[in-house]
Amino acid sequence: MSSAIKELETKVAAARAASRKLARLPTEVKDKALMNIAENLALRRNEIMAENQRDLAAADEANMSAAMQDRLMLNTTRIAGIATDVQAVAALPDPVGEVFDMRTMPNGLQISRRRVPLGVIATIYESRPNVTVDISTLCLKSGNAVILRGGKEAIHSNLALADVVQKSAYEAGIPEG
């Protein structure tokens, strides 16, 4: 078995273990993690933009189209926009445990639906570094663990953003993995 497959299996196992804990986290912990993410995006903006410049330089060398380079580019305004989007997710009501579509059967039995986390969500996406934060925060709010695979064009940006998300979440009490 290759080392890449072993690494992936290790990450999946960690995500699965974390998903069980994430599903039961109080709303306050998830919202604190989200607010930490928004705050740390601003605090680490220069580091994120420096990593993004590495991706942009490689994109330019590879003759990537201007439209693709624009999707890849992060600047102060875009990072602030990402942070604002994270705050908007934090402000949403927690979907976990929400009961809906309740009805009472003729025999008195009550039947309803309850929103529950899926568990682990894996996502593959192209060279849009903002998606790293978008998907992470939506999964966090909904109590799901996430495995991300961004495009190679944005590897440095994605690693920097993922580091912000992970460390910010861990500071708030989100389980590792």
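Residues numbered from 1 in each chain as written. Predicted model: local features only at pLDDT ≥ 70, side-chain atom pairs only at ≥ 80, totals over all residues. Heavy atoms only, no water.

**Comments concerning a nonpolar patch on the surface**
Item 1. A cluster of nonpolar side chains, Met105, Leu109 and Ile111, forms an exposed patch at the surface whose accessible area comes to about 230 Å².
Item 2. Met105 sits in the partly exposed class, given a relative accessible area of 31%. (Patch = residues over 30% accessible without salt bridge, like charges linked within 9 Å, V, L, I, M, F, W, Y side chains within 5 Å. Areas by Shrake-Rupley, 256 points an atom, 1.4 Å probe, with all protein chains shown as cover. Salt bridge = Lys/Arg side-chain N within 4 Å of Asp/Glu carboxyl O. Buried < 20%, exposed > 50% of the residue type's maximum accessible area, 1.4 Å probe, protein only.)

**Observations regarding helix H6 (residues 130-141)**
Item 1. In this model H6 runs 17 Å from its N-terminal to its C-terminal C-alpha over twelve residues, within 8% of the 16 Å that 1.5 Å per residue would give.
Item 2. Burial within H6 is extensive, with nine of its twelve residues counted as buried.
Item 3. Regarding H6, the residues found buried are Val131, Thr132, Val133, Ile135, Ser136, Thr137, Cys139, Leu140 and Lys141. (Helix = DSSP H or I, 4+ residues; strand = E, 2+ residues; numbered from the N terminus. Expected span 1.5 Å × (residues − 1).)

**Focus on helix H7 (residues 155-171)**
Item 1. Between the first and last C-alpha of H7 there are 24 Å, a value that for 17 residues agrees with the 24 Å anticipated at 1.5 Å per step.
Item 2. Taken as a whole, H7 has its buried residues at Ser157, Asn158, Ala160, Leu161, Val164, Val165, Ser168 and Ala169. The buried residues of H7 occupy one face: seen down the axis, they fall within an arc of 165°. Exposed residues lying more than 90 degrees from the buried face of H7 are Leu159 and Glu171.
Item 3. Here the buried face of H7 lies against helix H2 (27-43), helix H3 (45-61) and H6.
Item 4. Gly173 sits one or two positions beyond H7 and adopts a positive phi of about 105°. (Arc of directions from axis to C-beta. Contact = heavy atoms within 4.5 Å.)

**Some remarks on the nonpolar core**
Generally speaking, a soluble globular protein has its nonpolar side chains buried in company with each other.
Item 1. Counting 28 residues, the largest nonpolar core has Ile37, Leu41, Ile48 and Val133 as its most contacted members.
Item 2. Within the residue set of this core, elements represented by two or more residues are helix H1 (3-22), H2, H3, helix H5 (76-91), H6, strand E4 (145-149) and H7.
Item 3. When residues no more than four places from it in sequence are discounted, the contact partners of Leu41 are Ile48, Ile79, Ile82, Ala83, Val86, Val133, Leu161 and Val164.
Item 4. Counting five residues, the second-largest nonpolar core is a separate cluster that includes Leu56, Ala59, Met64 and Leu72. (Core = buried A, V, L, I, M, F, W, Y, C linked by side-chain atoms within 4.5 Å.)

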